[in-house]
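Structural characterization, general
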Amino acid sequence: MSLKNKKVHLVLASGGARGVAHIGVIEQLEADGNEIVEVAGCSMGAVVGGLYAAGKLKEYTDWLTGLQRADVLRQMDFTFARHGFLKGEKIFSTITDLIGPQKIENLQIPFTAVATDLKTGEEVIFKDGDLYQAMRASVSIPGIFTPVNYEQKKGHLLVDGGVINPLPLNQVNPKEGHVVVAVDINSTGPKPRLMKPEEDENERSWLNLNLNFLRGSNEDSEPGLMDVIQTSFEHMQNQLILRDLEIYKPDYLIRIPRSTCGVFDFHHAKNLVEVGRLAYEEQIRESSQAENYGG
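Residues numbered from 1 in each chain as written. Predicted model: local features only at pLDDT ≥ 70, side-chain atom pairs only at ≥ 80, totals over all residues. Heavy atoms only, no water.

**What about the overall build of the protein?**
Counting its regular elements, the protein contains 10 helices and eight strands. For the protein, with 295 residues in total, the buried portion stands at 55%. Look at the contacts in the protein between residues 6 or more apart in sequence, and 76% of them connect residues 24 or more apart. If you sum the accessible surface of the protein, you get close to 13,600 Å²; carbon and sulfur atoms cover 49% of it. (Helix = DSSP H or I, 4+ residues; strand = E, 2+ residues; numbered from the N terminus. Buried < 20%, exposed > 50% of the residue type's maximum accessible area, 1.4 Å probe, protein only. Contact = heavy atoms within 4.5 Å. Areas by Shrake-Rupley, 256 points an atom, 1.4 Å probe, with all protein chains shown as cover.)

**Here's the deal with empty space enclosed by the protein**
Under the counting rule described, the total for this entry stands at four cavities of 30 Å³ or more. Taken as a whole, the second largest cavity holds about 100 Å³ of empty space. Gly16, Ile141, Phe233, Gln237 and Val263 are the residues nearest the centre of the second largest cavity, which is lined by 14 residues in total. Looking at the lining of the second largest cavity, the element that brings in the most residues is helix α9 (residues 225–248), giving five residues. Of the residues belonging to the lining of the second largest cavity, the class tally is five nonpolar, six polar and three charged. (1 Å grid on protein atoms, 1.4 Å probe; cavity = no way out; pocket = protein on both sides within 12 Å on 5 of 7 lines; lining within 4 Å. Points joined across faces, edges and corners; volume = space filled by probe spheres on them. Nonpolar A, V, L, I, M, F, W, Y, C, P; charged D, E, K, R; others polar.)

**Focus: the pattern of salt bridges**
When the charged atoms of two side chains with opposite charge come close together, those side chains can pair. Tallied over the full model, the rule gives nine salt bridges. Among the ionic pairs, Lys249 bridges to Glu246, the shortest N-O distance being 3.7 Å. The class of Lys249 is exposed, set by a relative accessible area of 53%. Sharing partners across several salt bridges, the network here consists of Glu27, Glu274 and Arg277. (Salt bridge = Lys/Arg side-chain N within 4 Å of Asp/Glu carboxyl O.)

**Focus: the nonpolar core**
Residues Leu3, Leu10, Val20, Phe111, Phe126 and Val181 are the most contacted members of the largest nonpolar core, which totals 78 residues. With sequence-adjacent residues up to four places away left out, Val20 is seen in contact with Met44, Leu64, Phe266, Ala269, Leu272 and Val273. (Core = buried A, V, L, I, M, F, W, Y, C linked by side-chain atoms within 4.5 Å.)

**Section: the environment of Gly189**
Within the secondary structure, Gly189 is located in the loop between β7 (179–187) and α7 (197–202). Take Gly189: its relative accessible area is 38%, and that puts it in the partly exposed class. Measuring from C-alpha to C-alpha, the distance between Gly189 and Thr260 comes to 8.9 Å, with 71 residues separating the pair along the chain.

**Remarks on the environment of Leu240**
Of note, Leu240 is situated in helix α9. Residues Leu240 and Pro166, spaced 74 residues apart in sequence, show a C-alpha to C-alpha distance of 7.2 Å. Setting aside residues no more than four positions away along its own chain, Leu240 makes contact with Gly162, Val163, Ile164 and Pro166.

**Observations regarding the confidence of the model for the protein**
Confidence in the prediction of the protein, expressed as mean pLDDT, is 83, and 79% of residues score 70 or more. A low-confidence stretch, residues 198–219 stays under pLDDT 50, and its non-local contacts, those more than four residues away or across chains, total 42 contacts. (pLDDT = per-residue confidence, 0-100.)

**Side note on the packing of helix α1 (residues 21–31) against helix α2 (residues 44–53)**
Packing of α1 against α2 leaves a shortest axis separation of 10 Å and a crossing angle of 40 degrees. Relative to α2, α1 is oriented oblique. Our pair here, α1 against α2, has a crossing hand that is right-handed. Where α1 abuts α2, its residues His22, Ile23, Ile26 and Glu30 lie against Gly45, Val48 and Tyr52. A class-by-class count of the residues in the contact of α1 with α2 yields four nonpolar, two polar and one charged. (Axes fitted to C-alpha atoms, helices over the stretch in contact; angles between N-to-C directions. Parallel < 35°, antiparallel > 145°, perpendicular 65-115°, else oblique. Left-handed = near helix turned anticlockwise from the far one by under 90°.)

**Some details on α1**
Counted residue by residue, α1 has eight buried out of 11 residues, so it is predominantly covered. All of the buried residues along α1 are Ala21, His22, Ile23, Gly24, Val25, Ile26, Gln28 and Leu29.

**A word on α2**
Burial analysis of α2 places 10 of its 10 residues in the buried class, the great majority of the element. Of the residues making up α2, those classed as buried are Met44, Gly45, Ala46, Val47, Val48, Gly49, Gly50, Leu51, Tyr52 and Ala53.

**Overview of the packing of aromatic side chains**
Tallied over the entire structure, the rule returns one aromatic pair. Where Tyr60 meets Trp63, the ring centres are 5.9 Å apart and the plane angle is 35 degrees; that geometry is what we call tilted. Here Tyr60 pairs with Trp63, and both are found in helix α3 (residues 57–64), just three residues apart, close to one helical turn. What makes Tyr60 buried here is its relative accessible area of 4%. (Phe/Tyr/Trp six-rings, centres within 6.5 Å; stacked < 30°, edge-to-face > 60°.)

Laid out in structure tokens, this is it:
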């Protein structure tokens with residue numbers, strides 16, 4: 001089934017820096033004449049989706065694709081808080097500068113972000129209220145980012161929605177004739193050809209190389225704290241996504257492997273946008289052409 005000139009309900013998964021690939025998918029959807037009429041996202045998928053719904057994705061992309069590795073490290077506002085070692089205020093300062101005060105219910109496109117109530121384990125859905133809080137809560141990876149205070153429940157803390165719903169297919173409501181497009185950035189598979197293996201070998205969890213307490217003593221040692229948190233979280237998310245894909249079954253699914261890059265590898269943003277474009281090209285356009293020609 002060709003994906004052109006459709007009304008699209010877009011679902012964007014969590015996955016750290018790999019979420020930059022969502023931008024490339026969005027660009028290709030629009031290039032094929034599709035209209036994105038609703039977005040639901042988790043973690044980095046909520047950030048990209050929220051900025052798109054607010055009409056600020058291009059500005060964010062321009063900033064993101066100009067980042068170097070040192071720029072990313074400067075965004076890390078480390079803290080000795082009990083709940084995480086990154087406050088996230090620096091990382092989100094550019095976003096707040098871009099969007100200013102925004103209410104989700106006033107966005108150009110209906111938008112949903114998901115987070116997790118750390119106290120109850122329940123899914124927290126943001127379909128209205130403050131856009132910044134929704135995105136910041138959705139991206140709060142447990143053990144890394146400090147949790148967000150839940151304004152509606154005193155004493156409750158919010159963490160990454162990926163803990164229970166990394167690909168929020170249950171949060172879109174397609175009308176008849178519309179299609180659901182999901183982007184899973186936690187799938188298995190080899191590293192995309194744009195992400196050079198030799199770079200990865202030299203920067204295995206490159207953040208660990210800058211933080212002695214997060215890494216092993218040498219390259220052959222046991223994984224550091226960042227590796228353990230990241231890998232464990234990704235395995236969990238992959239299993240949840242596989243379960244939900246069986247239940248909800250989107251009309252179109254784009255898969256990007258979790259081997260693409262590390263959770264904080266935003267210095268690869270330019271390549272990651274291209275990874276998303278190529279994934280769309282290979283998994284949507286080429287498959288549609290093959291179907292049209294009886295392939």
